[in-house]
Amino acid sequence: MITETQFVRFDSLELDCGETLTDLQVAYETYGQLNEARDNAILILHAFTGDAHAAGIDHQGKPGWWDNMIGPGKGFDTNRYFVFCANVLGGCRGTTGPSSIDPRTGRRYGLRFPVITIGDMVRLQKKLVDHLGIPRLLAVCGGSMGGMQALDWAVSYPEAVEACIPIAATARHSAQQIAFNETGRQAIMMDPDFENGDYPEDRPPARGLAVARMIGHITYMSDESMREKFGRRLRNREAFSFGFDIDFEVESYLRYRGQQFVGRFDANSYLYITKAMDYFDLTLGYPSLAASLERATARFLVISFTSDWLYPTYQSLEIVNALRSRNHDVTYCELTSNYGHDAFLVDIAEQTEVVRGFLDRCHREFRRAGA
Amino acid sequence: MKVREVLGRGDYALISSLIPEGARVLDLGCGDGALLGWLAANKRIEGRGIEIRPDLAQRAAARGVAVYHGDLESSLAEYPEGAFDYVILSQTLQELRRPLEVLEQMLRIGRHAVVGFPNFGHWRVRLSHLFSGRAPRTRLFPHAWHSSPNIHFLTVLDFEETIAEKQWRVETRLFLSGHSQIRFAPNWRAEIAVYLLRG
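One numbering rule holds for all chains: residues counted from 1, following each sequence as written. Here chains are named by letter from A upward and ligands by number from 1 upward, in the order in which they appear as written. Selection of residues for local features in this predicted model requires a pLDDT of at least 70, selection of side-chain atom pairs for listing and counting requires 80 or more, and totals for whole chains, interfaces and linings are taken over all residues.

J.: Help me understand the overall build of chain A, please; the structure alone is not making it clear to me.
T.: Here a helix means four or more residues in a row that DSSP labels H or I, a strand means two or more in a row labelled E, and each is numbered from the N terminus. Each helix and strand counted, chain A has 11 helices and 10 strands in total. Throughout, the radius of gyration refers to the C-alpha atoms, and the reference size of a globule is 2.2 Å times the residue count to the power 0.38. Its C-alpha atoms give chain A a radius of gyration of 20 Å, within 12% of the compact-globule value 21 Å for 371 residues. Viewed in the frame of its principal axes, chain A has a C-alpha envelope of about 70 × 50 × 45 Å. Counting across all 371 residues of chain A, residues that qualify as buried make up 51%. Field definition: a residue is buried when 20 or more other C-beta atoms are found within 10 Å of its C-beta, exposed when 12 or fewer are, and partly exposed for counts in between, with C-beta atoms placed from the backbone.

J.: Please clarify how the overall build of chain B should be interpreted in this entry.
T.: What chain B contains, in helices and strands, is 7 helices and 8 strands. In summary, chain B has a C-alpha radius of gyration of 16 Å against a globular reference of 16 Å for 199 residues, a match within 12%. Principal-axis analysis of the C-alpha atoms places the extent of chain B at approximately 45 × 35 × 35 Å. Here chain B, with 199 residues, has 42% of them falling under the buried criterion.

J.: Can you walk me through the environment of Tyr256 of chain A in this structure?
T.: Residues and elements named next belong to chain A. In this structure, Tyr256 sits in helix α6 (residues 249-262). Taking the number of C-beta atoms within 10 Å as the measure of exposure, Tyr256 has 13 and is therefore partly exposed. The spatial distance from the C-alpha of Tyr256 to the C-alpha of Glu14 is 39 Å, given a sequence separation of 242 residues.

J.: How should I be thinking about the interface of chain A and chain B in this particular structure?
T.: Contact residues are listed per partner, giving 21 residues for chain A and 15 residues for chain B. Among the elements of the structure, α9 (313-325), β10 (330-335) and α11 (349-370) of chain A are those that each provide at least two residues to the side of chain A that touches chain B. The element that contributes the greatest number of residues to the side of chain A that touches chain B is α11 of chain A, accounting for 8 residues. Here, residue contact means that the backbone-derived C-beta atoms of the two residues sit within 7 Å.

J.: Can you help me understand helix α2 (residues 34-43) of chain B in this one?
T.: Taken as a whole, α2 of chain B has its buried residues at Ala34, Leu35, Leu36 and Leu39 of chain B. With its phi angle positive at about 50°, Arg44 of chain B sits one or two positions after the end of α2 of chain B.

J.: For this particular structure, what's the right way to read the nonpolar core?
T.: As a rule of thumb, soluble globular proteins bury nonpolar side chains together. Residue and element names in this part refer to chain A. By convention in this section, buried Ala, Val, Leu, Ile, Met, Phe, Trp, Tyr and Cys residues joined through C-beta atoms within 7 Å make up a nonpolar core. One finds Ile42, Ile44, Val140 and Cys164 to be the most contacted residues of the largest nonpolar core, which totals 161 residues. For this core, the leading source of residues is helix α2 (residues 145-156), giving 7 residues. In this document the domain limits rely on a domain assignment from an automatic tool or a database. Inspection of this core shows a minimum of three residues originating in each of domain 1 (6-174 + 281-370) and domain 2 (178-274). Once you skip the residues sitting within four places of it in the chain, Ile42 turns out to touch Phe76, Tyr81, Phe82, Val83, Leu137, Leu138, Ala139 and Cys141.

J.: Teacher, can you tell me more about the environment of Asn150 of chain B here?
T.: Residues and elements named next belong to chain B. Turning to its location among the elements, Asn150 is positioned in the loop between α5 (123-132) and α6 (156-166). Among the residues examined, Asn150 registers 19 C-beta atoms within 10 Å and is labelled partly exposed. Counting along the chain gives 53 residues from Asn150 to Arg97, while the straight-line C-alpha distance between them is 9.7 Å. Excluding residues that lie within four positions of it along the chain, Asn150 makes contacts with Gln94, Glu95 and Phe141.

J.: Looking at this structure, how should I read the pairing of strand β9 (residues 299-305) of chain A?
T.: A regular strand places its side chains so that they alternate between the two faces of the sheet. All names here are of chain A. Among the 7 residues in β9, 7 count as buried, and that is most of the element. Neither face of β9 is open: one carries Arg299, Leu301, Ile303 and Phe305, the other Phe300, Val302 and Ser304, and all of them are buried. Bridge analysis of strand β8 (residues 163-167) against β9 gives 3 bridges, and the strand direction is parallel. Each residue of the ladder has a partner; that of Ile167, found in β9, is Ile303. Between any two strands, at least two bridges found by DSSP are needed for them to pair. In terms of strand pairing, β9 meets β10 through 6 bridges, oriented parallel. When the sheet's bridge partners are listed, Ile303 is paired in β10 with Cys333. A clockwise course of the path from the first strand over the helix to the second, judged with the strands pointing away from the viewer, identifies a crossover as right-handed. In this region the chain leaves β9, passes through α9 and returns to the parallel neighbour β10; the handedness of that crossover is right-handed.

J.: Even after reading the chapter, I still don't get the domain arrangement of chain A, so can you show me in this structure?
T.: By a frequent convention, interface size equals the accessible area lost on bringing the separate parts together. All names here are of chain A. Looking at the assigned domains, one finds that chain A contains domain 1 (6-174 + 281-370) and domain 2 (178-274). Put simply, the middle of domain 1 and the middle of domain 2, counted by C-alpha atoms, are 26 Å apart. Every contact between the two is made by 23 residues of domain 1 and, on the other side, 17 residues of domain 2. Among the residues making up the side of domain 1 that touches domain 2, the classes are represented as 11 nonpolar, 11 polar and 1 charged. Three residue categories are used. Nonpolar comprises Ala, Val, Leu, Ile, Met, Phe, Trp, Tyr, Cys and Pro, charged comprises Asp, Glu, Lys and Arg, and polar comprises the others, including Gly.

J.: Before we go on, may I ask you to explain the pairing of β10 of chain A in this structure?
T.: Of all 6 residues making up β10 of chain A, 6 are buried, and the element is well covered by its neighbours. Burial along β10 of chain A is two-sided: Val330, Tyr332 and Glu334 of chain A and Thr331, Cys333 and Leu335 of chain A, pointing in opposite directions, are all buried.

J.: Would you mind showing me how to read the packing of helix α3 (residues 175-189) of chain A against helix α7 (residues 267-279) of chain A here?
T.: For any two helices packed against each other, the geometry is given by the interaxial angle and the distance between the axes. Residue and element names in this part refer to chain A. Interhelical geometry of α3 versus α7 gives an angle of 160° and a closest axis separation of 10 Å. The angle between α3 and α7 places the two elements in the roughly antiparallel class. Read as a crossing pair, α3 and α7 show a hand that is left-handed. The residues of α7 that touch α3, namely those facing Ile178, Asn181, Gly184, Arg185 and Ile188, are Ala267, Tyr270, Leu271, Thr274, Met277 and Asp278. Its residues assigned to classes, the contact of α3 with α7 shows 6 nonpolar, 3 polar and 2 charged. Here an axis means a line fitted to C-alpha atoms, over the contact stretch when the element is a helix, while the angle between two N-to-C directions is reported on a 0 to 180 degree scale. Roughly parallel covers angles under 35 degrees, roughly antiparallel covers those over 145, roughly perpendicular covers 65 to 115, and oblique covers all other angles. For a crossing to be left-handed, the near helix must be turned anticlockwise from the far one by less than a right angle; the clockwise case is right-handed.

Structure follows, in structure tokens:
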């Protein structure tokens, strides 16, 4: 299945910071068919560095980032459901972000781009959903930052969400999560090539961005998965170099992933999106998380993973317990996996079964309510 | 009186006979969600479950049951008062560390509690213990002493005494031996007891 990224433009978007962005573009992909009743639409929300290409194969032959979950017969079965995914606001993969041209100046925004929030991302996605003519989504679903967006959707647009599936997510970033993000931002901003965000396109702050990505990668794995994958194995050598070249496999892997990242991700987007995550707090403006989630009319499926120490189980339980305290319809599973935070992308057998069963029931109930 | 079976189980038949159409039901220790699935399909209940074993909780979720994967003993406090019409505890009472607290929570969050347990006073259990001189092993208590999940054995008489102490109201008592519902001498003859209680 070759998938095409599509683009749509919107006049303006009001932001939480008080500013208004004008002339925005959103990149998105769709899979499957929207049915006549328009009750089979599922919005997939990507994580930090993801993009609109969630499933299928693109023209370069690259599979989507959740191709194992989305497709005919898969967890999000495109024979039954209309599935779509958009690049987030502030991103660098087709949707307006700091690397876009500022219509007021004709130059790239850089750090003149306003600071955005998860709520702003969701508000822009709502415009896309309206553009596609979908009154109520069967489901919103995402892992990590995608899960935060899903939660925001359920609270901000309760009338437009039938089911909400936050995976390996949180209702608010913890000190540890903010700390890792800040370390990544500092690595980028301290790179001499950063130039206060006005670096030329062909000379980004590559060293800082690569280091930020290396740190990120460590947080996405687990001690166990790193031991399994790398152990103390040496890279292309029999003995230590007694120098600071690459000795260990794990060093080689992280450097490779860091360098590869520089080619596909914008440093300013890194700053803006991590800041949006750090600002995320579903309780803002409410006396409690339960009071915030009380607005939601969706059924919830919350999933966490045993070895995820970046978005640990207790954060999912905080969401689940707030929902249970208001007797909300919530399904919760902690799935067993060694893959750490990455589990929602790679360890998908059980996740598929749970998502499929939940969606099936929600679709049935949604149809019954509509009939 | 013979009891028809639900999902191959006599006690499920007794329990489901107590649950009216369209009720809000919480099943504690719901396993793979079979009973909740059956009640949803046949009585259109709005069901929730709690299950501690990850494999069973996943299977329950995969069949569309709103299951909470966690320990029922530490997770009832979150539910608001009167959240459910019926809270079911089936064959699990004797495995709990703090059974009284769980029963009290059930009657707080549910208008009714349905409690089913294996009767340790059944004559076969008594004979097994009397003649073998060992911890009883019967059809309903098949485990060796070291691997039994049962840590709080009770009989019909014990449960009646607790109900009287706590001043709970018994709405229905049902007793099962094999596939037959029995009425007389339940502490001797019942293998399984099912109580419908109100706080």
